[in-house]
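Listed below, chain by chain, are the residues.
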Amino acid sequence: MKPRTLPPGFKRVRRNTFIQEVVHDTYKSRSKPVEPTVCPDCGALFHEGRWQRLPAPAQAHRERCPACHRIHDRFPAGYVVLDGEFLNGHRDEVLHLLRHVESRANAEHPLQRIMDISRENSSMVVTTTDPHLARALGEAVHRAYRGKLEFHYNPEQNLLRVHWMR
Ligand SMILES: [Zn+2]
């Protein structure tokens, strides 16, 4: 795989150690929200220490969740770059897989969302609101189609870059 130039602050991480290194997303929140707090943008409810898909009580506080902050600011927590000849004939199939993984993750973890999927030359670039989803997308593509998979993580920003190539 040809090396890509990474922004400063990224280090290569082994895929099986990544999960332990990722911290809870505190983007735009100095402290934990009071409970219950509902996100006015997506309706997720902060309950028992995490954002969940639950109906909000009428008296719930209102505060934007970290995922909606990231979408609003266009500031992704994860990038998945898919590269290579394989994409030419399989773009729709790969897109379908990505959307499937997203909806499964999102049902359980409302902060895990795809922000955008764009084409850059021969690559496909997927941005996510959460590094765990970027990881899951990369793993799913690798499991389905083999190829090469690499992770780079920036711990200061809790930002993950996944690169897959076939
Ligand atoms: Zn939200």
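Worth saying up front: this structure is predicted, and the values here are computed from it rather than measured.

Draft legend 1. The arrangement of the sheet that holds strand β9 (residues 148-154) in detail. An order of β1-β9-β10-β6-β8-β7 is seen for the six strands of this open sheet, with the pairing classed as mixed. The open sheet has two edge strands with one neighbour each: β1 (11-13) and β7 (114-120). In this sheet, adjacent strand axes meet at a mean angle of 20 degrees when their direction is disregarded. Bridge count between β9 and strand β10 (residues 159-165): seven bridges; the pairing is antiparallel. Along β10, the bridge assignment pairs K148 with M165. Contacts between helix α3 (residues 86-108) and the sheet are confined to β6 (78-83), β7, β8 (123-128) and β10, with β8 contributing the most and set at about 10 degrees to the helix. Across the sheet, helix α4 (residues 131-145) touches β6, β7, β8, β9 and β10, and the angle it forms with β10 is around 15 degrees.

Draft legend 2. Representation of the packing of aromatic side chains within the structure. Inspection of the entire model under this criterion finds three aromatic pairs. Seen from their ring centres, F86 and Y145 are 4.9 Å apart, and the 45 degrees between their planes marks the pair as tilted. Taken as a pair, F86 in helix α3 and Y145 in helix α4 lie far apart in primary sequence, 59 residues in all. We classify F86 as buried; its relative accessible area is 11%. On the basis of relative accessible area, Y145 is assigned to the buried category, the value being 10%. Ring plane angle 80 degrees and centroid distance 6.0 Å describe the contact between F86 and W164, whose orientation is recorded as edge-to-face. Of the two residues, F86 sits in helix α3 while W164 sits in strand β10, which places them 78 residues apart along the sequence. Three or more aromatic residues link up through ring pairs in this structure, and these residues are F86, Y145 and W164.

Thresholds applied
Residues numbered from 1 in each chain as written. Predicted model: local features only at pLDDT ≥ 70, side-chain atom pairs only at ≥ 80, totals over all residues. Heavy atoms only, no water. Pairing = 2+ DSSP bridges. Helix = DSSP H or I, 4+ residues; strand = E, 2+ residues; numbered from the N terminus. Axes fitted to C-alpha atoms, helices over the stretch in contact; angles between N-to-C directions. Contact = heavy atoms within 4.5 Å. Phe/Tyr/Trp six-rings, centres within 6.5 Å; stacked < 30°, edge-to-face > 60°. Buried < 20%, exposed > 50% of the residue type's maximum accessible area, 1.4 Å probe, protein only.

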